[in-house]
Amino acid sequence: MVTFTDEMKNALRVPGKGGSLIYMATSSLEGKPNIAAMRFVATHGNDKILVCDMFLLKTKMNLKENPECSIAICHPLDSGRDWVFKGKAIDIEYGFSPEFDWYGAKAKEILDMWGDWATLEPPKEVPPDIVFPKPAQRGVVVLHVEEIYSIEKGKTGERIQ
Amino acid sequence: MKGWIELMGCHVCAATPEGVPFVTVSRFARVTKPDQVSFVMEKGEIGVIEGAISKNPWIAFGVSKQGGIRAAFQFKGKGRVIRSGQELDALKKDAPGILADAVLVVDLTELYCTKPGAEAGQRLDIMAPDAMNAWEKARWTDIPGK
């Protein structure tokens, strides 16, 4: 069982609030990996990471068949936030039963809070040539974190929790 | 793309044949052929993914740091780990800040756009090289080395 530190919680927020850009890694059941950067990130409780399902394609397809997932801090790197979080994830989409439960996270609770993420935390810090033209959220990915590892230079691969 | 990869390094992902993904970071990357990227890696960095690569060569990677958003590409291919030979020696000389244990060589077969919006997920390696360069230049004005 892991417990996020305050530093981790501060890092796992949108960049505009002092958080981080993250990489989300998934895999098909046959072992073909996929890695994509995400801006909308938050924590839920002490062991869950939330990521907005907006423009997810392969990530979504992979999670539909295989919940194994890793999230790594992408930017800033080498500034004390060098972590990888591993566990099992699901994409809680609109239409899930409100009572659906993922390791203690209820669908209604997640979607009520984060279901309109672009309004809640608009991408004001994102340069205009990158920002999406129109938000198209379909759900929220919830990663139940079971292990945390370092990607700090010289310590990469060491288990932190 | 070359500029971003070599300037920022990359987050590299491998997976077991059963689909468990592992992520590591390589802070030194070089485009060694038009369709090949080599990563000089320290012991811990390669150790995270070497077990998976030994059973399943698929690799996916994206550019680290600001490159995660400014270089909105995902690269995929087959990787192999080398620990001796001229290839390794030549790259080690160029990577003085890295305690090199191995080089991961990835032969690329797929390239995707990861820019949020209508082009997210678009496969780019189906384009001719000139067309792909034009596509990139039309969208990004801050490509390192351009």
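In every chain, residue numbers begin from 1 and rise along the written sequence. As a convention, the first chain written is A and the first ligand written is 1, with the rest following in written order. The predicted nature of this model means local features are confined to residues of pLDDT at least 70 and side-chain atom pairs, given and counted, to a pLDDT of 80 or more, with totals for whole chains, interfaces and linings taken over all residues. Values reported for side chains reflect all heavy atoms of the structure, with hydrogen atoms and water molecules removed beforehand.

Can you walk me through the overall build of chain A in this structure?
Each helix is a run of H or I in the DSSP string that is no shorter than four residues. Each strand is a run of E no shorter than two, and both are numbered from the N terminus. When helices and strands are tallied, chain A shows four helices and nine strands. Mapped from its N terminus to its C terminus, chain A presents α and β elements in the order α-β-β-β-β-α-β-β-β-β-α-α-β. For chain A, whose C-alpha radius of gyration is 15 Å, the value lies close to the compact-globule estimate of 15 Å for 161 residues. The principal-axis extents of the C-alpha atoms in chain A amount to approximately 45 × 35 × 30 Å. For each residue, the accessible area found with a 1.4 Å probe, counting protein chains only, is set against the maximum for its type, and the residue is called buried under 20%, exposed over 50%, and partly exposed in between. The buried share of chain A, reckoned over its 161 residues, is 53%. Here, two residues are considered to be in contact whenever any of their heavy atoms come within 4.5 Å of each other. Looking at chain A alone, contacts between residues at least 24 apart form 65% of all its contacts between residues at least 6 apart. Total accessible area computed for chain A in this model is approximately 6,800 Å², and 55% of it derives from carbon and sulfur atoms. When the 20 positive and 23 negative side-chain charges of chain A are each reduced to one mean point, those points stand 2 Å apart. Radius of gyration: C-alpha atoms only; globule rule: 2.2 Å multiplied by the number of residues to the exponent 0.38. Shrake-Rupley sampling with a 1.4 Å probe provides the accessible areas, and residues are treated as covered by the protein chains on show and by no other component. Charge convention: Lys and Arg are scored as positive, Asp and Glu as negative, and His as well as the terminal groups of each chain are ignored. For charged residues, the charge sits on one atom: NZ in Lys, CZ in Arg, CG in Asp, CD in Glu.

Any chance you could explain the interface of chain B and chain A here in plain terms?
Many descriptions give the size of an interface as the accessible area lost when the pieces come together. On the chain A side, the residues contacting the 45 residues of chain B number 41 residues. Buried area between chain B and chain A, summed over both chains or domains, comes out near 3,300 Å², and the portion from carbon and sulfur atoms is 60%. Salt bridge criterion: a side-chain nitrogen from Lys or Arg within 4 Å of a carboxyl oxygen from Asp or Glu. Summed over the shared surface of chain B and chain A, the number is four salt bridges. The residue Lys153(A) makes a salt bridge to Glu42(B) at a minimum N-O spacing of 2.4 Å. Only β1 (10-15), β2 (21-26), α2 (43-55), β5 (58-63), α3 (67-70), β6 (73-82) and β7 (100-113) of chain B provide two or more residues apiece to the side of chain B that touches chain A. Sort the elements by how many residues they give to the side of chain B that touches chain A and β5(B) lands first, with six residues. When residues are grouped by polarity, Ala, Val, Leu, Ile, Met, Phe, Trp, Tyr, Cys and Pro land in nonpolar, Asp, Glu, Lys and Arg in charged, and all others, Gly among them, in polar. Here the side of chain B that touches chain A is built from residues that sort into 21 nonpolar, 14 polar and ten charged. The term buried area denotes the loss of accessible surface (1.4 Å probe radius) that occurs when two parts are joined, taken as the sum for both partners.

I tried to follow the pattern of salt bridges on my own but got confused; where do I start?
Side chains carrying opposite charge are able to pair once their charged atoms draw close together. As enumerated under the stated definition, the model contains 23 salt bridges over all chains in all. Note that Asp101(A) is salt-bridged to Lys106(A), the shortest N-O span being 3.0 Å. We classify Asp101(A) as partly exposed; its relative accessible area is 36%. Between Arg83(B) and Glu50(B) there is a salt bridge, with its nearest N and O atoms 2.7 Å apart. Of the two residues, Arg83(B) sits in the loop between β6 and α4 (86-93) while Glu50(B) sits in helix α2, which places them 33 residues apart along the sequence. We classify Arg83(B) as partly exposed; its relative accessible area is 39%. Given a relative accessible area of 25%, Glu50(B) falls into the partly exposed group. Put simply, Asp53(A), Lys60(A), Lys64(A), Asp91(A), Glu93(A) and Arg138(A) are held in one network by salt bridges that share partners.

It is not clear to me how the sheet that holds strand β6 (residues 83-93) of chain A should be interpreted in this structure. Could you clarify?
Strands belonging to one sheet form pairs held by backbone hydrogen bonds; the direction of such a pair is parallel or antiparallel. Residue and element names in this part refer to chain A. Here, a strand pair is defined by DSSP locating no fewer than two bridges between the strands. Taken together, seven strands build an open sheet; the order of strands is β2-β1-β5-β6-β9-β4-β3 and the sheet is antiparallel. Both outer strands of the open sheet, β2 (33-38) and β3 (41-44), are each paired with one neighbouring strand and no more. Each adjacent strand pair in this sheet contributes to an overall mean axis angle of 35°, direction not counted. Inspection of the sheet shows strand β4 (residues 48-54) paired to strand β9 (residues 137-150) by seven bridges, in the antiparallel sense. Within β9, the position partnered with Val51 by the bridge is Val141. Those strands touched by helix α2 (residues 58-65) are β1 (21-27), β2, β4, β5 (68-75), β6 and β9, and its axis lies near 50° from that of β1. Here an axis means a line fitted to C-alpha atoms, over the contact stretch when the element is a helix, while the angle between two N-to-C directions is reported on a 0 to 180 degree scale.

Which parts of the structure should I look at to understand the sheet that holds β5(B)?
Residues and elements named next belong to chain B. Ordered by their spatial adjacency, seven strands build an open sheet running β2-β1-β5-β6-β7-β4-β3, and the pairing between neighbours is antiparallel. Unpaired on one side and paired on the other, β2 and β3 (28-33) mark the two borders of the sheet. Going from strand to strand, the sheet's axes swing by 35° on average, the running direction of each strand aside. Taken together, the six bridges between β1 and β2 define a ladder with antiparallel strand orientation. The partner of Ala15 across the bridge, within β2, is Pro21. Across the face of the sheet, α4 comes into contact with β3, β4 (36-42), β6 and β7 while running at roughly 90° to β7.

Where do I start with helix α3 (residues 107-114) of chain A in this structure?
Every α-helical turn comprises 3.6 residues, leaving residues that sit three or four positions apart pointing alike. Residues and elements named next belong to chain A. For α3, the set of buried residues is Ala107, Ile110, Leu111 and Trp114. The arc that holds every buried residue of α3, seen down its axis, measures 90°, which confines them to one face. Tucked into the core, α3 has its buried residues touching β3, β4, β6, β8 (105-106), α4 (117-120) and β9. In this description, the arc belongs to the directions extending from the helix axis to the C-beta atoms.

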